[in-house]
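Structural features, examined
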2 protein chains.
Amino acid sequence: MISLAEENYLKSIYHLSQAGSKSVLTNELAEAMNTKAASVTDMIKKLSTKEFISYEKYYGVNLTAKGKTVALSVIRKHRLWETFLVEKLAFSWDEVHEVAEQLEHIQSKRLIEKLDEYLGFPKVDPHGDPIPDTKGKIKALQQVMLATLKPGADSIIVAVKDSDSQLLKYLDKIGARPGKTIKVIEREEYDGSMEVSINNQRFFLSKEVSENILVNA
Amino acid sequence: MISLAEENYLKSIYHLSQAGSKSVLTNELAEAMNTKAASVTDMIKKLSTKEFISYEKYYGVNLTAKGKTVALSVIRKHRLWETFLVEKLAFSWDEVHEVAEQLEHIQSKRLIEKLDEYLGFPKVDPHGDPIPDTKGKIKALQQVMLATLKPGADSIIVAVKDSDSQLLKYLDKIGARPGKTIKVIEREEYDGSMEVSINNQRFFLSKEVSENILVNA
DNA sequence: ATATTATTTTAGGCTTGTCTAAAATAATAT
DNA sequence: ATATTATTTTAGACAAGCCTAAAATAATAT
Ligand SMILES: [Mn+2]
Ligand SMILES: [Mn+2]
Ligand SMILES: [Mn+2]
Ligand SMILES: [Mn+2]
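Residues numbered from 1 in each chain as written. Chains lettered and ligands numbered in written order. Predicted model: local features only at pLDDT ≥ 70, side-chain atom pairs only at ≥ 80, totals over all residues. Heavy atoms only, no water.

1. With respect to the coordination of the manganese ion (ligand 2)
Residues and elements named next belong to chain A. Donor atoms from the polypeptide that bind the manganese ion (ligand 2) are Glu82 (OE), Asp125 (OD), His127 (ND1) and Asp162 (OD), placed at 2.1 to 2.5 Å. In primary-sequence terms, the residues that donate to the manganese ion (ligand 2) follow E-x42-D-x1-H-x34-D. The metal-metal distance between the manganese ion (ligand 2) and the manganese ion (ligand 1) is 3.6 Å, with glutamate 82 coordinating both. With aspartate 125 in the loop between α6 (109–118) and β3 (143–145) and aspartate 162 in the loop between β4 (154–160) and α7 (165–174), this residue pair connects regions lying 37 residues apart in the sequence. There is no split in this pair, since aspartate 125 and aspartate 162 are both buried. (Donors = N, O, S within 2.8 Å, 3.2 Å for Na, K, Ca; no water. Helix = DSSP H or I, 4+ residues; strand = E, 2+ residues; numbered from the N terminus. Buried < 20%, exposed > 50% of the residue type's maximum accessible area, 1.4 Å probe, protein only.)

What follows is the structure, encoded as structure tokens:
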């Protein structure tokens, strides 16, 4: 049996280890989990005993194959539920993350299989994030932050960061959705802001925004 | 904030107080919750402090208006989810209860409103149980156990007990579903078993089965 | 009225997941 | 190489929810 807290830690470790390529450190995890380092150390020990992670004292943790499977299963559920909420219940994409955080912990293989089928076996969620298959296989998209593109570059939005409702509302307003073409007109070196065009309309994006828009490489 | 355990206790107290008209006793609750009397006493104190129940030591508990509201909200969610699982995901009626026990604890007003709308504002769940409305108003059906009917009586099945998968499979097989007409042919006094006809077919039902079929009074 | 039995509560303990404060270790700067 | 700083771990505590065993109370039988 795996608890809700354990699932959330494993998911978080997975996401953090995707970002960087090194071990996930205690403080990183504490920040991500909105808790204290001491609590993280406690949980790390439990997860390590259960062989979901490998742990070297003072040097952070890494998911084992077993742990990765759990993490991907939770992510699969999260993204399928988000898709359901948007496609079937007419939620907007900025409202779904919080609810999916709860729904992802429902334990029922059958439910997820049925849901997947009902949704027509979607490949990505409403934010463009790939949905792992039953076996936890995930399509590693070729994606890069919009912030890294040079002026003149033309590319297609692949995904956006999904957990900030404010950002999503803004992106929706300017039409920055997965599938859309975005062109970098100009880039200000000193603050990383840029002018872009979407749907033949021009917008100024701060560095913060352009780092949360992922485009095809 | 109300915890999952608290919600389950309140739901259970509600169901037990519907059955009998007296206060709900510690042992009844322990049995229903699959736990020990001592644990029930502990929880009762918490719920009492939070004013979800009124509690007289040694004489059992009763829901306050506040507690009843919570219980009915959980029951509403449970029954809406069961309806969703059967109507949209093609679950059979004997598979849904367990999953709904989990889904009923998802906290999101918006989700339940949208789900209700998506399902077309159903009035009863797949087992015939009435779905409380947003305000917790529930249609008290005129219903009586099939077991109490006399031979010759003709009546319509209104609901069936929903938490026993085996029973539901059996009822489905013989066609005993809500809305169907059932006629009592004969009743054996000494064991309470009866012969009935459904869809012009005859079946022998044990007392146990006939107590779990509810018909219009 | 009193004794026996059944029910409920209390006492004390365990696990999970959290916390703060203190100690240990690693990283960095001189 | 050593001192300072930052990070991580340990120690000890707490709330929620559960448990067993013992004590208290209520119900019932004589
Ligand atoms: Mn999300
Ligand atoms: Mn998403
Ligand atoms: Mn049910
Ligand atoms: Mn039901």
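2. Regarding the sheet that holds strand β7 (residues 201–205) of chain B
Residues and elements named next belong to chain B. The strand order across the open sheet built from 6 strands is β3-β8-β4-β5-β6-β7, with neighbouring strands paired in antiparallel fashion. Two strands close off the open sheet at either side, each with one partner strand: β3 (143–145) and β7. Across the sheet, the axes of successive neighbouring strands diverge by a mean angle of 45°, strand direction being ignored. Helix α7 (residues 165–174) contacts β4 (154–160), β6 (194–198), β7 and β8 (213–216) of the sheet and is inclined by roughly 155° relative to β7. (Pairing = 2+ DSSP bridges. Axes fitted to C-alpha atoms, helices over the stretch in contact; angles between N-to-C directions. Contact = heavy atoms within 4.5 Å.)

3. Examining the protein's contact with DNA strand C
Surrounding DNA strand C, one finds 22 residues, the nearest of these being Ser3, Thr35 and Ser39 of chain A together with Lys45 and Tyr55 of chain B. In DNA strand C, atoms within 4 Å of the protein come 78% from sugar and phosphate. Within the side chain of aspartate 42 of chain A, a nitrogen or oxygen atom sits 3.2 Å from a base oxygen of DNA strand C. Here a phosphate oxygen of DNA strand C and a side-chain polar atom of lysine 57 of chain B are 2.8 Å apart. For the surface near DNA strand C, the secondary structure elements donating two or more residues are α1 (4–19) and α3 (37–49) of chain A together with α2 (26–33) and α3 (37–49) of chain B. Ranked by residues supplied to the surface near DNA strand C, first place goes to α3 of chain A with 5 residues. Here the residues of the surface near DNA strand C sort into 11 nonpolar, 6 polar and 5 charged. (Near = heavy atom within 4 Å. Polar contact = N/O pair within 3.5 Å; in protein donor to acceptor, adjacent residues only side chain to side chain. Nonpolar A, V, L, I, M, F, W, Y, C, P; charged D, E, K, R; others polar.)

As far as function goes, none of this settles anything; it's purely spatial.
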